[in-house]
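# Survey of secondary and tertiary structure
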Amino acid sequence: MTVAHVPDRARRAVRLALFAGLTLAATLRTLPTTGAAAPTPTPFSDGTSGNSSLRHQENVPVLVLEGTPAEMGRAAGVLIGKPAQELLDRYLLRWMARFGTLDSFRKGAKNYESRMTPDERDELAAFSKASGIAQRDLLLAQCFLDMIQPFLCSAVVVSAERAADGKPLLARNLDFLSLGVAHRYSLVIARRPRKGKASVSVGWPGLIGTLSAVNEDGLTMATLVGYGFRSARGPGPPYTLLYRRLLESCTKTAEVVDGISRAERTCANSVALLDADGAGRVCEFAPSGVASYGYKNGFAVATNDFQALAPPAGIRRSDDRIDELERWAKGAPARVTPADAIRPLCLVEMGELTLQSMVFRPSDRRLWLSIGRAQAAHGRFVELDAAALMKRAPAP
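Let me begin by describing the structure that accompanies this report. As the structure is a prediction and not an experimental result, all values here were calculated from the model. (Residues numbered from 1 in each chain as written. Predicted model: local features only at pLDDT ≥ 70, side-chain atom pairs only at ≥ 80, totals over all residues. Heavy atoms only, no water.)

### Re the packing of helix α4 (residues 102-113) against helix α6 (residues 135-148)
Interhelical geometry of α4 versus α6 gives an angle of 90° and a closest axis separation of 8 Å. Regarding the angle of α4 to α6, the classification is roughly perpendicular. Taken together, the residues of α6 that come into contact with α4 (itself represented by F105, R106, G108, A109, K110, Y112 and E113) are R136, D137, L139, L140, C143, D146, M147 and I148. Tallied by class, residues from the contact of α4 with α6 come to 8 nonpolar, 1 polar and 6 charged. (Axes fitted to C-alpha atoms, helices over the stretch in contact; angles between N-to-C directions. Helix = DSSP H or I, 4+ residues; strand = E, 2+ residues; numbered from the N terminus. Parallel < 35°, antiparallel > 145°, perpendicular 65-115°, else oblique. Contact = heavy atoms within 4.5 Å. Nonpolar A, V, L, I, M, F, W, Y, C, P; charged D, E, K, R; others polar.)

Have a look at this one:
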């Protein structure tokens, strides 16, 4: 089979998977199926641990963590330790072995540990003790994205001027190789730390950093890998933990851009940003520099190809998703609703690679989410009240 002989969406998935460094055999397994994949029962079980809990909302597992870093780590180990171990064994460790030896990756992970805060290390240690998962593997789960950079994602930020009722939106697809496993383990994590702002994020068990999230002030972010700088590496914390720190301390989009500019940066990455006041930007960065851009005719669109930060000479674009999003923006409704914002996610869906699709509305902390299946953009979106999930328990 050649790329030219499959449908457009499948052809795009093949090109991007190959671009990300996958083998052809693994790439062909990412092709879209002929019918929409139905959600399957989640691997999570409802339960409580102290002030923390896990409950399902319409088949969406929602983990609520509250307390000190050690208390939240301990509760996570109790409530999601089993699926976290399954995900490591059945997915992450097997997947990373395709790119090198696990011993070499574990050795490299130690370089990131020294740049984690004491609170982050305490949380991981408590998670490890409560779950029985080796701490070296939990550490690897925090920094493997800095080492390999496998994401293939898309995002659209809709300004207040173009959004229904003047409420801006951030819509995104998270695209990642599933191996028939990872899509089942997505979950929502509400963090209510003793210090710092509360947040609601979409991720996986065992990952304590931030990929897609909104905080109590409405600051919203969604990460996208930046291709073109893949060999660039620098010292610093795992970038998902950098995003978590910014989410816990910032209110405005401009604060995040400034924080990234001042931080140590491990690799090339970009993040779509939107705050409750409607300030939207896409911030692109590499170890060598930072650039950002805002709305164009009411929209800011992003994929894995940098638009503001020039990549090294000779780097080709990964695919045409950015063109697809720009075409949608030109013909978008005058006032875009959350349902309208799902449309561009469907247009650039990556078949079996699209594991999470979501729309955030920061002004009232609402989230529409499709997880638990591949081809997530074509799945059923469940509405969640993130503000309610971030509300801390009353003091005793």
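### Details of helix α10 (residues 338-347)
Within the sequence span of α10, burial applies to P338, A341, I342, P344, L345 and C346. Of the surrounding secondary structure, the elements contacted by the buried residues of α10 are β4 (154-158), β5 (169-175), α9 (321-330), β14 (354-361) and β15 (366-370). (Buried < 20%, exposed > 50% of the residue type's maximum accessible area, 1.4 Å probe, protein only.)

### As for the sheet that holds strand β2 (residues 52-57)
Strands sit in the order β1-β2-β3-β6-β7-β8-β9-β10-β11-β12 across an open sheet of 10 strands; the sheet is mixed. Single-partner strands in this sheet number two, and they are β1 (47-49) and β12 (289-293). Recorded for the sheet is a direction-independent mean angle of 20° between the axes of neighbouring strands. Across 3 bridges, the pairing between β1 and β2 is antiparallel. Residue pairing across strands places S49 opposite S52, the latter belonging to β2. (Pairing = 2+ DSSP bridges.)

### Here's the deal with the pattern of salt bridges
The tally for this structure, following the rule as stated, stands at 23 salt bridges. The closest approach of N and O atoms between E123 and R191, which form a salt bridge, is 2.8 Å. Of this pair, E123 sits in helix α5 (residues 118-131) while R191 sits in strand β6 (residues 187-193); the two residues are 68 residues apart in sequence, bridging distant segments of the chain. For the pair E123 and R191, a shared accessibility class is recorded, and that class is buried. The partner of R361 in a salt bridge is D364, and the shortest N-O contact between them spans 2.7 Å. For R361, a relative accessible area of 15% gives the class buried. Residue D364 is classed as partly exposed on the basis of its relative accessible area, which comes to 26%. (Salt bridge = Lys/Arg side-chain N within 4 Å of Asp/Glu carboxyl O.)

### Description of the packing of aromatic side chains
Any aromatic ring pair is given by two values, namely how distant the centres are and how the planes are angled relative to each other. With the rule as written, the count across this model stands at 11 aromatic pairs. With a centroid separation of 6.2 Å and an interplanar angle of 45°, the aromatic rings of F176 and W204 are classed as tilted. Separated by 28 residues along the polypeptide, F176 in the loop between β5 and β6 and W204 in the loop between β7 (199-203) and β8 (212-215) bring together distant segments of the chain. Judged on exposure class, the residue F176 and its partner W204 are both buried. (Phe/Tyr/Trp six-rings, centres within 6.5 Å; stacked < 30°, edge-to-face > 60°.)

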